[in-house]
Amino acid sequence: MRCTQQSGAVLWKSGMRKAVKRLRQEGCRVRFCGECGGRLERRFVASEGRERLVCADCGRITYLDPKVSAGTVPVIGGRVLLARRAIEPGRGLWVYPGGYMERGETVPQAAERETLEEVGLKVRATRPVGVYSYPDASVVVIVYHCDVVGGEPAAGSETLEVRLFGRDEIPWEELAFPSTRDALRDFIAQCDDANQWP
């Protein structure tokens, strides 16, 4: 697939490489201990069998844990609602609505909030589609089936446009992330297994 600047899309593989590189670099930007403010340095931690960021002053280990992202696959009139991203990584590419979980909310609440923010739909997360993680990504993605309970599809501040797709219309070559592709495939398979395409 070759994307044009007019569409705002980037080549999927190139976009993913940039995103992974950026996430790896972000981990390297942590330079000071959150406990005492001392300088962090990479050291081999024998008890864990790997290198970690360790404070040169107090010895505290700083873990660069993955972030949790939550999303939903809304269906209206038998068609899946997808959003075209307005931000990097994956600007111009399609995703289901979702984003990072905030402290003080459950994973389903995060999925519901992100769906409202990104596509204007009030939903109730019902059951998980799946949990997605990859060795080269610092995000764990949890995606839910949902019931649409209010609102109208509309692009939020991080969304260029929203569009409904029939199961045979999903733009597989223009999906933003591996988790987008994998979750949509799982969603379709689960609906087929239950003989319940919405």
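What you see is a predicted model, and the numbers here were worked out from it, not measured in a lab.

A.B. asks: Whenever I open this one, the sheet that holds strand 3 (residues 61-62) confuses me. Can you help?
C.D. replies: What the three strands build is an open sheet, ordered 1-2-3; its pairing is antiparallel. Every other strand in the sheet has two partners, leaving strand 1 (40-45) and strand 3 as the edge strands with one partner each. Pairing between strand 2 (residues 50-55) and strand 3: two bridges, direction antiparallel. Bridging across to strand 3, L53 finds its partner in T62.

A.B. asks: I would appreciate a short explanation of helix 2 (residues 107-119) in the present structure.
C.D. replies: Three or four residues apart is the spacing at which side chains of an α-helix point the same way, because the helix has 3.6 residues per turn. A rise of 1.5 Å per residue sets the reference length of helix 2, with its 13 residues, at 18 Å; its end C-alpha atoms lie 18 Å apart and thus fit the reference within 8%. Turning to helix 2, its buried residues are V107, A110, A111, E114, T115, E118 and V119. Buried residues of helix 2 fall within an arc of 135° about the axis and therefore sit on the same side. Taken together, the buried residues of helix 2 touch strand 4 (67-73), strand 6 (79-85), strand 8 (98-100), strand 9 (121-132), strand 10 (139-151) and strand 11 (159-165). Within two residues after helix 2, G120 carries a phi angle of roughly 75°, on the positive side.

A.B. asks: How should the packing of aromatic side chains be read in this particular structure?
C.D. replies: Aromatic ring pairs are described here by two measures, namely the spacing of the ring centres and the angle between the planes. All chains considered together, the criterion is met by one aromatic pair. Looking at K67, its charged tip hangs above the ring of Y100, at a distance of 4.8 Å from the centre. Between the NZ or CZ atom of R185 and the centre of the ring of W172, over which it lies, the distance is 5.5 Å.

A.B. asks: Would you explain the nonpolar core in this entry?
C.D. replies: Most often, soluble globular proteins keep nonpolar side chains buried together rather than apart. If you look at the biggest cluster of nonpolar residues, it comprises 19 residues, and the most contacted ones within it are L82, V143 and F187. Elements supplying a minimum of two residues to this core: strand 6, strand 9, strand 10 and helix 3 (178-193). Counting residues in hydrophobic clusters, the runner-up holds 11 residues, among them A83, V119, A176 and F177.

A.B. asks: Even after reading the chapter, I still don't get the pattern of salt bridges, so can you show me in this structure?
C.D. replies: Close approach of charged atoms lets side chains of opposite charge pair. Throughout the structure, instances matching the rule amount to 14 salt bridges. Residue R52 pairs with E48 through a salt bridge whose shortest N-O separation is 2.6 Å. Given the relative accessible area of 30%, E48 is considered partly exposed. Notably, a salt bridge pairs R79 with E169, separated by 2.8 Å at the nearest N-O pair. Of this pair, R79 sits in strand 6 while E169 sits in the loop between strand 11 and helix 3, placing them 90 residues apart in sequence. Members of the salt-bridge network, linked through shared partners, are R84, E161, R163 and E174.

A.B. asks: What is the right way to look at the pairing of strand 2 in this model?
C.D. replies: On a regular strand, one side chain projects to one face of the sheet and the next to the other, so that they alternate. Bridge analysis of strand 1 against strand 2 gives six bridges, and the strand direction is antiparallel. Bridge pairing in strand 2 links L40 to C55. Linking strand 1 to strand 2, which pair antiparallel, is a turn of four residues; within it G49 sits at a positive phi near 70°. Between strand 2 and strand 3, which pair antiparallel one after the other, the connecting turn spans five residues, and G59 there sits at a positive phi close to 80°.

A.B. asks: What is the right way to look at the side chain of S179 in this model?
C.D. replies: Residue position: S179 is located in helix 3. Sequence-distant contacts of S179, defined by excluding residues within four places in its chain, comprise Y96, Y132, Y134 and V141.

A.B. asks: Help me understand the sheet that holds strand 9 in this model?
C.D. replies: By definition, the strands of a sheet pair up through backbone hydrogen bonds, in either a parallel or an antiparallel sense. Pairing in this open sheet of four strands is mixed, and the strands run 8-4-10-9 from one edge to the other. Among the strands making up the open sheet, the edge pair consists of strand 8 and strand 9. In this sheet, adjacent strand axes meet at a mean angle of 25° when their direction is disregarded. Relative to strand 10, strand 9 runs antiparallel, the two being bridged by nine bridges. Note that in strand 10 the partner of A125 across the bridge is C146. Running at roughly 125° to strand 9, helix 2 makes contact with strand 4, strand 8, strand 9 and strand 10 of the sheet. The strands touched by helix 3 are strand 4, strand 9 and strand 10; relative to strand 9, the strand with the most contacts, the crossing angle is about 100°.

Calculation criteria
- Residues numbered from 1 in each chain as written.
- Predicted model: local features only at pLDDT ≥ 70, side-chain atom pairs only at ≥ 80, totals over all residues.
- Heavy atoms only, no water.
- Pairing = 2+ DSSP bridges.
- Helix = DSSP H or I, 4+ residues; strand = E, 2+ residues; numbered from the N terminus.
- Expected span 1.5 Å × (residues − 1).
- Buried < 20%, exposed > 50% of the residue type's maximum accessible area, 1.4 Å probe, protein only.
- Arc of directions from axis to C-beta.
- Contact = heavy atoms within 4.5 Å.
- Phe/Tyr/Trp six-rings, centres within 6.5 Å; stacked < 30°, edge-to-face > 60°.
- Lys NZ or Arg CZ within 6 Å of the ring centre and 35° of its normal.
- Core = buried A, V, L, I, M, F, W, Y, C linked by side-chain atoms within 4.5 Å.
- Salt bridge = Lys/Arg side-chain N within 4 Å of Asp/Glu carboxyl O.
- Axes fitted to C-alpha atoms, helices over the stretch in contact; angles between N-to-C directions.

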